[in-house]
Structure formats: C-alpha cells, structure tokens
Amino acid sequence: MKGSKFGLAKFLPLIIALSFVAGIFSGRIFYRSGSGGNGDKFEQILDMIQTYYVDELNTDSLVELTIPHLLANLDPHSAYIPASDLQSVNDDLDGSFSGIGITFNMMGDTINVLEVLSGGPAEKVGLLAGDRIVTIDDSVAAGKKWTNERVMKTLRGAKGTKVKLGIKRSSSAGLLPFELTRGDIPVSSIDVAYEVEPGVGLIKINKFGRNTYGEFLTEAIKLRERGVNKFIIDLRGNGGGYMEPAVLIANEFLERGQLIVSTKGRFEGPSAMTAADGTGSLTDAEVVIMLDEYSASASEILAGAIQDNDRGVIVGRRSFGKGLVQNQMVLPDSSAVRLTVARYYTPSGRCIQKMYKLGEALQYETELAMRYTNGELYSPDSIKIDTNLAYSTLTGRTVYGGGGIIPDVFVPNDTTGYSSYYISVVNGGLLQKYAFMYVDLNRGELSKCKSAEAVLGKLPPEDVLLQSFVDYAAGEGVAPRWIYINVSRKLLVTQLRALICRDALDQAAYYQVFNRIDNGVEAALKVLRGGQARPPISLPLPFGNKRTR
C-alpha cells in the first residue's frame, strides 16, 4: 500500500459533508419558524387540537404521523426515521451491531442456524450450525410464523444483556438450554473476495458502510500478494450507503488530480470537486465494475469515476439512477430526518439522477418495473437515453446523464434455464430447504471441509444429486416433469451445489460456485482476457464539459 490513505482528507475537503452525517435540530423545528408564517400555523393547529378537539389525543403521536407525510412531498429519498428504528437503520452501515453472532433462515416456521460467527457469543457457548431455535427467553418461537425481522429484533439487543435460547439439536432428544450474553458483531460489506481465475480477483461489495474501504483494501492487498493484477468489482444489488468509502476506493485506481465526484447544493456556489490524491495502490491494475438496475448512489459514484476517467470498463445493465445526497439529522427525541441536501456529478459533469416529481414516489418506485416491461433488461436497444444530456469522458467517448450509469458492455438479465418446474421449486423455497437438509444429514463429513472445492468433492455426481432433489420436491408437491427439469438442469444443479456449500461453509462459498455460470462474471472475464480494461496513458486534466448536440 503506497502512502497514507488518510492523506486523502486534505485533498478532499467535502468527503465528510458528502456522507450521511449526524446533526441536532434544537427546539421545535417543525412547529416554529421564529418569524411567524407556516411554522406558527402548524403550532397553532396543534394547540387547537389539544384544546378543543372532541377526544383527548396525544399530540406527539399526531406529529409522529404527520412528519412522514410532510417529507413525502419532497424527493423520493428524503425520509423520516422514527427513534425506534434509527439504531437498526444505522447498524449495517456503521459496521457492527450487538447480538449473538449467527446467521439463520426460516424454514417451515423454524429458525435454523446456518452459520455461527467466529468469536461471537453463540460460538463461545457452543451453538452449532444446524441447530434449531425453539424458544427465546422462554417464549416459543418455533411454529409461530415469526418474520425474519421479528427474529432479528428479538436476538439483537444492548451489549451485555442476556438472552436464553432453547435449542433442538439432532444429536439430542431433549431441548438444550443456552444463555448468551450479547456482544458486538461485525457486519462485513464484502460478500466474497477470491481469485476467480489466475491473475483475476473478484470482490463483491454489498453496501458502502463505515468499514467498507478498509475491508476492500485488505482483500485487494491479499489478492495482489497472490499475483492478481486484474479486478472485477461486483456492485450488482448494491444500493449504496456512505459516499466516503466509494470515493476512497475510486482513489485507489486513479492518478493524482483525476476527478472523482463533485456536489452542488442549493446554497453552495461553484461545485465542490473531489480529486484523487495520488496515493492509490491499484493505479496499475485493470478493473471492471459490474452493475445492475439495483446498483445505486455510492455504487454509481464509484462506477462513474471509473467510466468517465476511462479507467476501466462498466459491465452489466443500467444502474438505478440516484444522484441525490442525503444528510441524516438527528432530532432531540433520537428520531432522524434523512434530507436531500445536494446533487452529485460524475467527473464528466453529468448528474445521473433519474426523473422524479415532488411527492410522487409511487411512479418513481415503479420505474424499475417499467424497465422489465419495456424490455430494457434484455436488450440494450431498449434503454431510454436522453440525447440532450450527452457528456464526454476523458478520452472523448460519449456518456449520458439523467438516468443512471449506462454500461460499456451490456449483459442481459439471464433467464437461461428457467422453466415452469424451476419456477415452482424456487417459489416453494425447495432448493434452500433441500440444501439445508442435505448439509444437516451430512454435517459430520462436511464439517471437515475448509473450502468450496472440498465440499464439492464430497457431493454425489450431478445425476444422483439432481434425482435426489427431484424426489424430495415430489414429496413436497412438485411433480417431476423431466422435459422441464432437463431445460433447467445446469441451473438446478449449480444452485444446489452453491447452496450446499453456503450452508456447509459461508456465503462466500455460494458465490464461488454460482459465479461459474453467471453471465455477468463471464462477460467481465471476457473484457479482461481481451485487454480492454488496461489503464490508459496519462491525459490532460481536468475535463467535464457537456457536449453540444
């Protein structure tokens, strides 16, 4: 790693301002403006209700119901967060939460432990993968149709508090009692980082949290030590988060002075620009960024910086199109307002925010569904482009604003292998149920495996595994239809193997197996094999003028 990464701060004065920040509103900000007008009007109406309304009301509750409607009349990303939800909303991005340290899923109204996190409270008391949680604090949880959200809320809690679990384990006839003391559980934003083929590393980032940059750099350095000099950064499904880690990751790939992002708010003068500081450790590496329609915000900032500087290749489908910056401001009662305060712009000067109308969130939310209807997810010719918003990259290529990042290499939504049989077993959750059952029955042998390859070596041949699953699905009410099963054979077998590896090891093992048939990963590898993502020669800086059409 070259230089100090914290040196970037003196070159990037707006990084902190670009991130979600905590602030305090003092006084009754929504009631009183201090100079008359609508603020006083709101307070007068509340006073009228409190004094004259026929029934006694809690005006605090009334205000709590009113604030979300007030913000709903703004852009689609300004929002109110009740005090009861603020901690859980921030947990994932802050990089840790307090809990017991397990991953789980719900099958047949049963909480199944998938993984016991190393060093966590659950491991310390002896919980095992495959355990079923029957009771929590003497209340029966099994068979009660609890939601994932309810289970998480019940198992999480303040650090140092205790929770009692009743565990059903296949090796014991009775219920096993455990008492756990909740502790800090790290939340990783890296799903997987591995050498997908010689010299090529794949890093999948699921969000941009407080610790994402450090996690990314750690994994990138490990891969570099193995001889990797080509990177695939998978941002598919990554809805964003804090802007700072996205800027810092972009800095790793860019030369000193290359623009990363700029922002402009209502009260600012000229756009505040952020440029690379020259300390990047991956400036000689080839890079491909993978996007899809769910990649948003910070994901688009990173992709835009790479694309506009012609530093790498964007592969996938048009991203979500969120070019708005929110500040999170905490209210005196520990609730918060997440308010849009600026727009951000990629290095070429484009804002990739898609169109919206104030107060019309429904139309905004259904825009992704329209991409399916219009065929955009299957053909690049169906992408809606506003030719009036054309901009130039560093080397003069044309890119467009006004609706997400359009990839350099389009990858259609892959429905290869879909059949009515496949859809039936997926809708019934049967692939996951079978995989969990298989691992549970073979846990003694599979627990010795330390890698996905080792687990795969323990599995039966393809035909045997598929027949076993088909028999299981038939017992669950999905009749075998071999014409359709054979259409979906490759997809079914790969998913079963990937899910078994996940349940036997961890989530990373799933991607290591499933990515072998992922058309997006294959497209990214093709780009790298062809040398299309090589770092460009130095070019004059800066740039960012809109093209005239």
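For clarity, every value in this text was computed on a predicted model and none was experimentally measured. (Residues numbered from 1 in each chain as written. Predicted model: local features only at pLDDT ≥ 70, side-chain atom pairs only at ≥ 80, totals over all residues. Heavy atoms only, no water.)

*Asks:* Quick question: what am I supposed to make of the environment of Pro-535 here?
*Replies:* Inspection of the secondary structure assignment puts Pro-535 in the segment after helix H21 (519-529). Separated by 226 residues in the primary sequence, Pro-535 and Asn-309 place their C-alpha atoms 9.9 Å from one another. Not counting residues up to four positions away in its chain, the partners in contact with Pro-535 are Thr-283, Asp-284, Ala-285, Glu-286 and Arg-311. (Helix = DSSP H or I, 4+ residues; strand = E, 2+ residues; numbered from the N terminus. Contact = heavy atoms within 4.5 Å.)

*Asks:* Which parts of the structure should I look at to understand the packing of helix H9 (residues 243-253) against helix H10 (residues 298-308)?
*Replies:* Relative orientation and spacing of two packed helices are given, respectively, by the angle between their axes and the distance between those axes. Contact geometry of H9 with H10 gives a least axis separation of 8 Å together with a crossing angle of 20 degrees. Here H9 is positioned roughly parallel relative to H10, judged by the angle of their axes. Crossing handedness for the pair H9 and H10: right-handed. Packed against H9, whose contacting residues are Met-243, Ala-246, Ile-249, Ala-250 and Phe-253, the element H10 presents Ala-298, Ile-301, Leu-302, Ala-305 and Ile-306 at the interface. Among the residues making up the contact of H9 with H10, the classes are represented as 10 nonpolar, no polar and no charged. (Axes fitted to C-alpha atoms, helices over the stretch in contact; angles between N-to-C directions. Parallel < 35°, antiparallel > 145°, perpendicular 65-115°, else oblique. Left-handed = near helix turned anticlockwise from the far one by under 90°. Nonpolar A, V, L, I, M, F, W, Y, C, P; charged D, E, K, R; others polar.)

*Asks:* What's the story with the packing of aromatic side chains in this structure? I'm lost.
*Replies:* By convention here, two paired aromatic rings are described through the distance between centres and the angle between planes. One pass over the structure, following the stated rule, counts nine aromatic pairs. Aromatic pair Tyr-434 and Tyr-438: ring centres 6.3 Å apart, planes at 35 degrees, arrangement tilted. Taken as a pair, Tyr-434 and Tyr-438 lie in helix H14 (residues 430-441) at a separation of four residues, close to a single helical turn. The class for Tyr-434 is buried, based on a relative accessible area of 2%. Aromatic side chains Tyr-434 and Phe-469 sit 5.6 Å apart centroid to centroid with 85 degrees between the ring planes, which places their arrangement in the edge-to-face category. Taken together, the residues Tyr-434 in helix H14 and Phe-469 in helix H17 (residues 462-475) connect sequence positions 35 residues apart. Both residues of the pair, Tyr-434 and Phe-469, count as buried. Each residue in the set Tyr-434, Tyr-438, Phe-469 and Tyr-472 is aromatic and connected to the rest through ring pairs, giving one cluster. (Phe/Tyr/Trp six-rings, centres within 6.5 Å; stacked < 30°, edge-to-face > 60°. Buried < 20%, exposed > 50% of the residue type's maximum accessible area, 1.4 Å probe, protein only.)

*Asks:* Please explain the sheet that holds strand S15 (residues 286-291) as it appears in this structure.
*Replies:* To summarise the sheet geometry, strands pair through backbone hydrogen bonds and adopt either a parallel or an antiparallel arrangement. Here we have six strands laid out as an open sheet, ordered S10-S11-S12-S15-S16-S21, and mixed in their pairing. Each of the sheet's edge strands pairs with one partner strand only, and the pair in question is strand S10 (190-197) and strand S21 (409-410). Contacting S10, strand S11 (200-205) and strand S12 (230-234), helix H8 (residues 212-225) runs over the sheet at an angle of about 165 degrees to S11. Where H21 meets the sheet, it contacts S10, S11, S12, S15, strand S16 (313-316) and S21, and its direction lies at approximately 155 degrees from that of S15. (Pairing = 2+ DSSP bridges.)

*Asks:* Before we go on, may I ask you to explain the confidence of the model for the protein in this structure?
*Replies:* Detailed reading of the predicted model is not advised wherever pLDDT is low. Here the protein shows a mean pLDDT of 87. Residues at 70 or above account for 90%. Counting contacts from residues 1-35, a segment whose pLDDT is below 50, to residues more than four positions away or on other chains yields 78 contacts. (pLDDT = per-residue confidence, 0-100.)

*Asks:* How should the packing of H14 against helix H19 (residues 489-504) be read in this particular structure?
*Replies:* Axis separation between H14 and H19 bottoms out at 9 Å; the angle between their running directions is 50 degrees. The orientation of H14 with respect to H19, classified from their angle, is oblique. Of the two possible hands of crossing, H14 and H19 adopt the one that is right-handed. On H19, the residues that touch Leu-431, Gln-432, Tyr-434, Ala-435, Phe-436, Tyr-438 and Val-439 of H14 are Leu-492, Gln-495, Leu-496, Leu-499, Ile-500, Arg-502, Asp-503 and Ala-504. Across the contact of H14 with H19, the residue classes break down as 11 nonpolar, two polar and two charged.

*Asks:* It is not clear to me how the side chain of Asp-503 should be interpreted in this structure. Could you clarify?
*Replies:* Considering the arrangement of structural elements, one finds Asp-503 in helix H19. A distance of 3.0 Å separates polar atoms of two side chains, one belonging to Asp-503 and the other to Arg-502. Beyond its immediate stretch of four places on either side in the chain, Asp-503 contacts Leu-114, Gln-432, Ala-435, Phe-436, Val-439 and Arg-443. (Polar contact = N/O pair within 3.5 Å; in protein donor to acceptor, adjacent residues only side chain to side chain.)

*Asks:* Explain the environment of Gly-126 to me, please; I cannot follow it from the model alone.
*Replies:* Tracing the backbone shows Gly-126 in the loop between helix H6 (121-125) and strand S5 (132-136). In this structure the C-alpha to C-alpha distance between Gly-126 and Leu-180, which are 54 residues apart in sequence, comes to 9.9 Å. The residues touching Gly-126, leaving out its near neighbours within four places in the chain, are Arg-169 and Phe-178.

*Asks:* In this structure, what is going on with a nonpolar patch on the surface? I would like to understand it.
*Replies:* A grouping of Ile-45, Met-48 and Tyr-52 is seen on the molecular surface, where their side chains present a nonpolar patch of about 370 Å² in accessible area. A relative accessible area of 67% places Tyr-52 in the exposed class. (Patch = residues over 30% accessible without salt bridge, like charges linked within 9 Å, V, L, I, M, F, W, Y side chains within 5 Å. Areas by Shrake-Rupley, 256 points an atom, 1.4 Å probe, with all protein chains shown as cover. Salt bridge = Lys/Arg side-chain N within 4 Å of Asp/Glu carboxyl O.)

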